[in-house]
Amino acid sequence: MEQPPSDRKIIHVDMDAFYASVEQLDNPELRGKPVAVGGGEKRGVVSAASYEARKYGVKSAMSGYLAKKKCPHLIFVKPRFDRYKELSQKIRKIFLEYTELVEPLSLDEAYLDVTNNKKGIPSASLVAKEIRQRIKEEIGLNASAGISINKFIAKVASDYNKPNGQKTVPPEEVESFLEALDIRKFYGVGKVTAEKMYQLGIFSGKELKLKSIEYLNEHFGKSGSYYYQVVRGVHNSEVKPHRIPKSVGTEHTFFENLSSEVFMLEKLEKIAHELERRLKKSKIAGKTVTLKIKYSDFAQQTRSRTLPYYIADKSMIFDTVKELLYQEKPQNSVRLLGISLSNLNTEKKTTLPEKPLSVQLQFDF
């Protein structure tokens, strides 16, 4: 394979409990208290939790009911996405003063390539420290950062010294860092894959590195090549300022559970209309339609269909979703419905090299 870039300096900046921190910033009475941003304890789901709430086990995507049970004095706050977006844009302006190579992942995190930063600062660690300091001074929020030779390692590192900290993994420490890394920390290894790896005797990067590419491909399919590469510090994905979405979707949680397909179709038609609006605004079309169903017991199900042509029209999306809904009778009453479109006309097919090269990198971090 081609030799991986040996001179990149990548920073992953991740805002600390962003939504909850914004609410505490704007409302001094919430500071130091357990806060959950979400729809409330009866029907809502926690979108974000302050660090005070996390001490009680409150997490994002947790039901409001369970969150309140874990932390009886939890304070629920309704999300204000316009405010989050406003502050996110201010944070991004700070990023752009250091480099044009900024790839936002969401409102609260982004990758920065500071190999050739605008201020000529030789150390990526110092760049990250200065950016975090400016975010605190100018906006009032804490941010954490990870710094390394590629996006994969930088993202893992940003989680190490949270909140309000940073970790640098310089080239000479990449190998030992990845070998000691818990397999669950590898980006792309979910709960099911982690359990499978445990059964195969893979608990950390060290055990993963001992497996051949043939072995990994046999047990994990196409993902095997990816695992073989990243554990050797090879991840050539560039920081892309204009990140291409892989899917576009819209979903809605209902105040009352839905038990009739007729009522579900009524809601799905409105969701399809909103999705059409988003697709046309972005000039995007896709081939794969996915229906997401979350039941009253929080069990989740998805049903997908790939068409031979690109669509973005509400009626065509709705017709496909209708077929997916009637594919199988809902298992229970429904609390959430969502529609997403993937296999977009913006995607570019790329292939990964089969045999990556491990190299020792030397430059100032």
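Below is a short write-up of the structure.

Rules and cut-offs
Every chain is numbered independently, its residues counted from 1 as its sequence is written. Selection of residues for local features in this predicted model requires a pLDDT of at least 70, selection of side-chain atom pairs for listing and counting requires 80 or more, and totals for whole chains, interfaces and linings are taken over all residues. Water and hydrogen atoms play no part in the side-chain values, which are based on all heavy atoms of the structure. Only protein chains enter the accessibility calculation, which uses a 1.4 Å probe. A residue is then buried if its area is under 20% of the maximum for its type, exposed if over 50%, and partly exposed in between. Secondary structure elements follow DSSP: runs of H or I no shorter than four residues count as helices, runs of E no shorter than two count as strands, and numbering proceeds from the N terminus. In this scheme, strands are said to pair when DSSP sees at least two bridges between them. Throughout, an axis means a line fitted to C-alpha atoms (over the contacting stretch in the case of helices), and angles, computed between N-to-C directions, take values from 0 to 180 degrees. Only heavy atoms enter the contact rule, under which two residues are in contact if any of them lie within 4.5 Å. The labels follow the angle: roughly parallel below 35 degrees, roughly antiparallel above 145, roughly perpendicular from 65 to 115, and oblique for the rest. For a helix, the expected span equals 1.5 Å multiplied by the residue count minus one. The arc in question is the one traced by the directions running from the helix axis out to the C-beta atoms. Take the far helix as your reference; a near helix turned counterclockwise from it by less than a right angle gives a left-handed crossing, and one turned clockwise gives a right-handed crossing. Counted as a polar contact is a pair of N or O atoms within 3.5 Å, where, for protein atoms, one must be capable of donating a hydrogen and the other of accepting one, and residues adjacent in sequence contribute only when both atoms are in side chains.

As for the pairing of strand β1 (residues 10-15)
Every other side chain in a regular strand lies on the same face of the sheet, so the side chains alternate between the two faces. β1 sits mainly inside the fold: six of its six residues count as buried. Burial along β1 is two-sided: I10, H12 and D14 facing one way and I11, V13 and M15 facing the other are all buried. In this sheet, strand β7 (residues 143-148) lies alongside β1 in antiparallel orientation, the contact comprising six bridges. Looking at the pairing, I10 lines up with S148 of β7. Pairing geometry for β1 and strand β6 (residues 109-113), over five bridges, is antiparallel. If you follow I11 over to β6, its bridge partner there is L112.

Remarks on the sheet that holds strand β9 (residues 247-258)
If you walk across this open sheet you meet the four strands as β9-β12-β10-β11, and the pairing is antiparallel. Each end of this open sheet is capped by a strand with a single partner; those strands are β9 and β11 (300-311). Here the strands of the sheet are splayed against their neighbours by 15° on average, with no regard to which way each runs. Packing against the sheet, helix α12 (residues 261-282) makes contact with β9, β10 (286-295) and β12 (334-344), and its axis sits at approximately 150° to β9. The sheet contacts of helix α13 (residues 314-326) involve β10, β11 and β12, and relative to β11 the element is tilted by about 140°.

Some remarks on helix α11 (residues 223-230)
The element α11 is largely enclosed, with a buried count of seven among its eight residues. What α11 keeps buried is the set G224, S225, Y226, Y227, Y228, Q229 and V230. Buried positions along α11 lie against α6 (151-157), α7 (174-180), α8 (191-199), α9 (205-210) and α10 (213-220).

Some details on unusual backbone geometry
Between K162 and the following residue, P163, the backbone shows a cis peptide bond with an omega angle of -10°. Positive phi is not limited to glycine here, since A61 has a value of about 75°. Along the chain, the position of A61 falls in the loop between α2 (51-54) and α3 (64-70). A61 gets classed as exposed once you look at its relative accessible area, which sits at 56%.

Some words on the packing of helix α1 (residues 18-26) against helix α4 (residues 81-96)
Two elements in contact, α1 and α4, have axes whose closest approach is 10 Å; the angle formed by their N-to-C orientations is 95°. It follows that α1 is roughly perpendicular to α4 by the angle criterion. In this structure, α1 contributes F18, Y19, V22, E23, L25 and D26 to the contact, and α4 contributes F81, R83, Y84, L87, S88 and I91.

Quick look at α12
Between its first and last C-alpha atoms α12 spans 31 Å; for 22 residues at 1.5 Å apiece the expected length is 32 Å, and the two agree. Every buried residue of α12 is accounted for by E261, M264, L265, L268, I271, A272, L275, E276 and L279. Looking straight down α12, one finds that the buried residues subtend no more than 155° of arc, so they occupy a single side. For α12, the exposed residues lying more than 90 degrees away from the buried face are K270 and K281.

A short note on the packing of α10 against α11
It is at 7 Å that the axes of α10 and α11 come closest, and there the two elements cross at 140°. Taken together, α10 and α11 sit at an angle that is classed as oblique. As for how α10 packs across α11, the hand of that crossing is right-handed. Taken together, the residues of α11 that come into contact with α10 (itself represented by I213, L216, N217 and F220) are S223, G224, S225, Y227 and Y228.

Comments concerning the environment of E214
Residue position: E214 is located in helix α10. For E214, a relative accessible area of 52% corresponds to the exposed category. For the pair E214 and Y228, spaced 14 residues apart in sequence, the C-alpha separation works out to 9.5 Å.

Focus on the side chain of Q24
Along the chain, Q24 falls in helix α1. The exposure class of Q24 is buried, given its relative accessible area of 11%. Side-chain polar atoms of Q24 contact the backbone oxygen of K33, separated by 3.2 Å. When neighbours within four sequence positions are excluded, Q24 is seen to be in contact with L30, R31, G32, K33, V35, S50 and E52.

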